[in-house]
Amino acid sequence: MIVFLSFAPIEFMGGAEKMIYKLATFIKKNEDVFIINADKSIANIYGSVVLQRSFPERMTQIEKQNPLSKIKIHFKDFIPYSNGWSNIHRQLKNARLIYIKYEILEIFFLVYFGGFSVLKKTIASLHSPLLYNTHNKLSDRLHTLIYSSRFNRFILKQAKKIHVLNIRDESYLQKTCQLKNVIRIPNSLPLIKEKENQPMFDDKNKLSLLFVGELSLRKGADILIELIQRVPEDDYFFSVAGDGPMRDELLSKCKERKNWKYYGFLQEEKLRELYAKNDILFAPSRAEGLSLVMLEALSHGLKLVGYDAILEDFSHVAKSSSKHNVVKEYETILKQMSADKKTSRYIQTKQKIKNYFRENFSDVKILPIIQEKLFAINK
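Residues numbered from 1 in each chain as written. Predicted model: local features only at pLDDT ≥ 70, side-chain atom pairs only at ≥ 80, totals over all residues. Heavy atoms only, no water.

K.L.:
Sorry, what's going on with the nonpolar core here?
P.N.:
Core analysis: the biggest nonpolar cluster contains 57 residues, and Phe238, Tyr275, Leu281, Phe282, Leu298 and Phe314 have the highest contact counts within it. Leu298 has contacts with Leu304, Phe314, Ala318, Ile353, Lys354, Tyr356, Phe357 and Phe361, leaving out every residue within four places of it along the chain. Grouped together as the second largest cluster of nonpolar side chains are 40 residues, Phe55, Trp85, Ile162 and Cys177 included. (Core = buried A, V, L, I, M, F, W, Y, C linked by side-chain atoms within 4.5 Å. Buried < 20%, exposed > 50% of the residue type's maximum accessible area, 1.4 Å probe, protein only. Contact = heavy atoms within 4.5 Å.)

K.L.:
What is the right way to look at the sheet that holds strand E6 (residues 161–164) in this model?
P.N.:
Strand pairing in a sheet takes place through backbone hydrogen bonds and is either antiparallel or parallel in direction. Ordered by their spatial adjacency, seven strands build an open sheet running E3-E2-E1-E4-E5-E6-E7, and the pairing between neighbours is parallel. Whereas interior strands pair on both sides, the edge strands pair on one side only; in this sheet they are strand E3 (69–73) and strand E7 (182–184). Pairs of neighbouring strands in the sheet enclose a mean axial angle of 20°, with direction left out of account. Strand direction decides the pairing type here: strand E1 (residues 2–6) and strand E4 (residues 97–101), joined by four bridges, are parallel. For Leu5, the partnering residue across the bridge sits in E4 and is Ile100. (Pairing = 2+ DSSP bridges. Helix = DSSP H or I, 4+ residues; strand = E, 2+ residues; numbered from the N terminus. Axes fitted to C-alpha atoms, helices over the stretch in contact; angles between N-to-C directions.)

K.L.:
Could you clarify how one ought to interpret a nonpolar patch on the surface in this entry?
P.N.:
The grouping of Ile45, Val49, Val50, Leu51 and Phe75 at the surface amounts to a nonpolar patch, some 460 Å² of accessible area in total. Relative to the assigned elements, Val50 resides in helix H2 (residues 40–51). (Patch = residues over 30% accessible without salt bridge, like charges linked within 9 Å, V, L, I, M, F, W, Y side chains within 5 Å. Areas by Shrake-Rupley, 256 points an atom, 1.4 Å probe, with all protein chains shown as cover. Salt bridge = Lys/Arg side-chain N within 4 Å of Asp/Glu carboxyl O.)

K.L.:
When you look at the sheet that holds strand E13 (residues 319–322) in this model, what are you seeing that I'm missing?
P.N.:
Taken in spatial order, the six strands make up an open sheet running E10-E9-E8-E11-E12-E13, and their pairing is parallel. In this open sheet, the two edge strands, each paired with only one partner strand, are strand E10 (260–264) and E13. In this sheet, adjacent strand axes meet at a mean angle of 20° when their direction is disregarded. In this structure, strand E12 (residues 303–307) lies alongside E13, joined through four bridges in parallel fashion. Residue pairing in the sheet places Leu304 in a bridge with Lys319 of E13. Along the sheet face, helix H11 (residues 268–277) touches strand E8 (207–212), strand E9 (236–241), E10 and strand E11 (280–283) and points at about 150° away from the line of E8.

K.L.:
Would you mind going over unusual backbone geometry with me for this structure?
P.N.:
For residues that are not glycine, phi is negative in most cases, and the peptide bond is trans in most cases. For Tyr81, which is not glycine, the phi torsion reads 70° and is therefore positive. Tracing the sequence through the fold places Tyr81 in the loop between E3 and helix H4 (83–94). For Tyr81, a relative accessible area of 68% gives the class exposed. With a phi angle near 60°, Gln178 is a residue other than glycine that sits in the positive phi range. Among the secondary structure elements, Gln178 is positioned in the loop between helix H8 (167–176) and E7.

K.L.:
What is the right way to read the packing of helix H1 (residues 15–27) against helix H16 (residues 363–375) from this model?
P.N.:
Each pair of packed helices gets described by two things: the angle between the helix axes and the distance between those axes. The geometry of H1 relative to H16 is characterised by a closest axis approach of 11 Å and an angle of 75° between their N-to-C directions. In terms of axis orientation, H1 runs roughly perpendicular to H16. Counted together, Lys22, Leu23, Phe26 and Ile27 of H1 and Asp363, Leu367, Pro368, Ile370, Gln371 and Phe375 of H16 form the full contact between these two elements. For the contact of H1 with H16, the class distribution of residues is seven nonpolar, one polar and two charged. (Parallel < 35°, antiparallel > 145°, perpendicular 65-115°, else oblique. Nonpolar A, V, L, I, M, F, W, Y, C, P; charged D, E, K, R; others polar.)

Given below as structure tokens:
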């Protein structure tokens, strides 16, 4: 049996939760699985106090019908040797492997309910960035301080395997931390049907940019706001999908501009329509693991425009990046891309990007690799 442990409720279906759900579904074909995570009553308290967000339920009805075995951690389960504590303890002790989204709360849950000994059969999966490149908030500084500490290195050294998604984390853990049990395998997504991948709208006179994700400083929402305010309205159009602490600032500062539209949080079907309409995913995030949003964009043939330090895992056929992650650099990049859209290279590049996704980030390619390198019995 394999246990998948995550603090955030699986029903939240953020990037990490989507991958855990997909991996558990894939592994269940050959082995029993359990998903353990916090009940939303616990998650939302932490989210409101520390993260300034909640964990809404975003699972589709089809996903809810998936017969995956789940355990929710409630407040009463923290009572040692209670029925709830004993049940969670038993699942962790009986598991062949434990796959955790490697963050502080997951480590706390793991040790509190399972004991230090279960670390030896744990796969520590770094879906969130290990270190933040910039520190805009106290919580960002604390994150980097904790994850660069000797204590963190000690915990990771105990793990059976460390699953990283990007080159930055792999290099840091292998070269700086001298850890040997590091395996880099990227996130993945299913291939989409070609008929779903056709542009619904193509205005050759405007470059269409899409921003998808949390409206926060860490995701670069401040850069998005300034760019909307500065670029010529006749040349560029922004579609913004997502929610977060900077939503009101976006709506207030950009309300007079005609070159953008706000959609709020969108389910996957509506989001696919936006991918089909746009030329570029604008992703000025300051910290990422390997974003599923970026992979979704690539699967639709969109080029990624964002921070060079975040996009280094992608081929140049798929990205145009800003070295310093500043608006002035993005204005120069977009001006050149706007000119390219009027040439025959535009359609050719979209197809190259789709092929690049298929060859490097599709479920067909990645899930068997994860099965073999992370979950195989004799590995």
